[in-house]
Amino acid sequence: SKPVFAYLVLKLAEQGKLDLDKPLRNYLPEKFVCDDENYPNQITARMILSHTSGMPNWRKGSEENESPLPIYFKPGTKFNYSGEGIYYLQRVVEHITNESLESFAKRILFDRLGLESTSFVWTEKYDQQIATGHNADGYCNERKKYLHSNAAYTLYTTSNDYAKLIIEIMKPGDQNDYSLSDSMIKEMLTHQVRVDTRDVIDRPGRNLGLQGFRGLGWAIDSTITGDVVYHSGSNQTGFRCYSQFSPKDGSGIVIMTNGENGSELWQRVIKVIGDL
C-alpha cells in the first residue's frame, strides 16, 4: 500500500498542491504528545514517506482512534517505520484534494493506468477474485473487507497490476498525464536516510546488498552495481508479499502469497534468483 500512496503524494507535489518540505501542520493540524512542543511543527511529507517523522508504527489502543499521536524523537533525525505517519499524511492529502483517498487514487492513477483490480477499499467484484489468507498452520483466516481506505495497509491488488505500476516508475517520465516526471522519480528513489536497524535483503552475485536506505515510499538496498528498490507487505489477514525492481537493469519481480509463511518463501526465492 505505502509505495502506491507515495506515488500519489508525489503526483500531488508535482502539481504544486503539496510541498514535500512544508510542515504538514500548515495543511492539517493533528493532536500530538511529545517532549518538545516544536516537534509537531517540523514534520513534513518527506519525513513521513521516508519514515523519519518520529511517530510509532501504531499508537496504543484501537485502530485509527483520536488519542494524541506520540512523537518519540526529533523529526527527520533517524528512521522508525510508522504506519501512523502514513495515515496522517493520507488525511492531509484528503484535506487538500477534498476527496477520499480511494476517489483520488482512481481518478489520478488507477483508472488511467488500467489497474482494474486495484483499490484501497473493498468492492463486490472482489468476491470472485480474492484469495483467502492462511495462518502458519495452513488454516484459512477470516477475510477482511476494508470499507474505509488506509494508505498504510488496505490496498487490494494483483501481481499483474502491481507490476504495471513498477514498470510505469521505470519508464522515462512525462509520457502520460498520470506519469511522474523524471525529476520526481529521482526524488522518490534518492537515499533519504540510512537504515541500520534492518538487514539488507539477501540476494546473490552482483545484487548482493551492501547498505540499506529509505527513499520516498520505498526501501533501497545499495549493491555492487547499483540500487535495488523494494518493499514488502504483510498484515493480519495472512498475506505476505514482496516486490523489487532494479532501475539500472529495468527488471523487477512481484511475489504475492496468501500464507503467513510466505515471507520465508519470497526470501528464499530472492536469495536464489536476485533480480533476474
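Computed from a prediction, not measured in an experiment: that's the story for all the values here.

Peer 1: Explain the pattern of salt bridges here, please?
Peer 2: Proximity of charged atoms lets side chains of opposite charge pair with each other. Within the structure shown, the criterion is met by 14 salt bridges. Its salt-bridge partner being Arg107, residue Glu99 comes within 2.4 Å of it at the nearest N-O pair. Glu99 sits in the buried class, given a relative accessible area of 16%. Note on Arg107: relative accessible area 42%, which makes it partly exposed. Close ionic contact of Asp202 with Lys271 constitutes a salt bridge, the shortest N to O distance being 3.8 Å. Of this pair, Asp202 sits in the loop between β3 (193-194) and β4 (209-214) while Lys271 sits in helix α7 (residues 262-273), and the two are 69 residues apart along the sequence. When salt bridges that share partners are traced, they join Asp21, Arg46 and Glu187 into one network.

Peer 1: What exactly am I supposed to notice about the pairing of strand β5 (residues 219-223) here?
Peer 2: Within a regular beta strand, the side chains point alternately toward one face of the sheet and then the other, so they alternate between its two faces. The element β5 is extensively covered by neighbouring structure, given that five of its five residues are classed as buried. Of the two faces of β5, the one lined by Ala219, Asp221 and Thr223 and the one lined by Ile220 and Ser222 are each fully buried. Pairing of β4 with β5, which is carried by five bridges, proceeds in the antiparallel orientation. If you follow Phe213 over to β5, its bridge partner there is Ile220. Between the end of β4 and the start of β5, which pair antiparallel, lie four residues, with Gly217 showing a positive phi angle near 90°. Two elements, β5 and strand β6 (residues 226-234), share five bridges in a ladder whose sense is antiparallel. Considered in β6, the bridge of Ser222 is made with Asp227. Counting the residues in the hairpin turn of β5 and β6 gives two residues.

Peer 1: What is the right way to look at the sheet that holds strand β7 (residues 240-246) in this model?
Peer 2: Two modes of strand pairing occur in sheets, parallel and antiparallel, and in both the strands are linked by backbone hydrogen bonds. Across the sheet, which stays open at both edges, the six strands sit in the order β3-β4-β5-β6-β7-β8 with antiparallel pairing between neighbours. Each edge of the open sheet is held by one strand with a lone partner, namely β3 and β8 (251-257). Packed onto the sheet, helix α5 (residues 159-170) meets β7 and β8 and runs at close to 155° relative to β8.

Peer 1: I tried to follow the packing of helix α1 (residues 2-14) against helix α4 (residues 101-113) on my own but got confused; where do I start?
Peer 2: Angle between the axes and distance between the axes are the two parameters that describe a pair of packed helices. Running from N to C, α1 and α4 cross one another at 75°; their axes reach a closest spacing of 11 Å. By the angle between their directions, the pair α1 and α4 is classed as roughly perpendicular. Here Val4, Phe5, Tyr7, Leu8, Lys11 and Leu12 of α1 come into contact with α4, specifically with Leu101, Phe104, Ala105, Ile108, Leu109 and Phe110. Taken together, the residues of the contact of α1 with α4 break down into 11 nonpolar, no polar and one charged.

Peer 1: Any chance you could explain the pairing of β7 here in plain terms?
Peer 2: The element β7 is extensively covered by neighbouring structure, given that seven of its seven residues are classed as buried. On β7, burial covers both faces: Arg240, Tyr242, Gln244 and Ser246 on one face and Cys241, Ser243 and Phe245 on the other are all buried. As defined by bridge partners, β6 adjoins β7 across six bridges and the pair is classed as antiparallel. From the neighbouring strand, Gly233 faces β7, where its bridge partner is Cys241. Sheet topology note: the β7/β8 ladder contains seven bridges and is antiparallel. Across the sheet, the residue bridging to Cys241 is Met256, located in β8. The hairpin formed by β7 and β8 contains four residues between the paired strands, and Gly250 there has a positive phi angle of roughly 70°.

Calculation rules
Residues numbered from 1 in each chain as written. Predicted model: local features only at pLDDT ≥ 70, side-chain atom pairs only at ≥ 80, totals over all residues. Heavy atoms only, no water. Salt bridge = Lys/Arg side-chain N within 4 Å of Asp/Glu carboxyl O. Buried < 20%, exposed > 50% of the residue type's maximum accessible area, 1.4 Å probe, protein only. Helix = DSSP H or I, 4+ residues; strand = E, 2+ residues; numbered from the N terminus. Pairing = 2+ DSSP bridges. Contact = heavy atoms within 4.5 Å. Axes fitted to C-alpha atoms, helices over the stretch in contact; angles between N-to-C directions. Parallel < 35°, antiparallel > 145°, perpendicular 65-115°, else oblique. Nonpolar A, V, L, I, M, F, W, Y, C, P; charged D, E, K, R; others polar.

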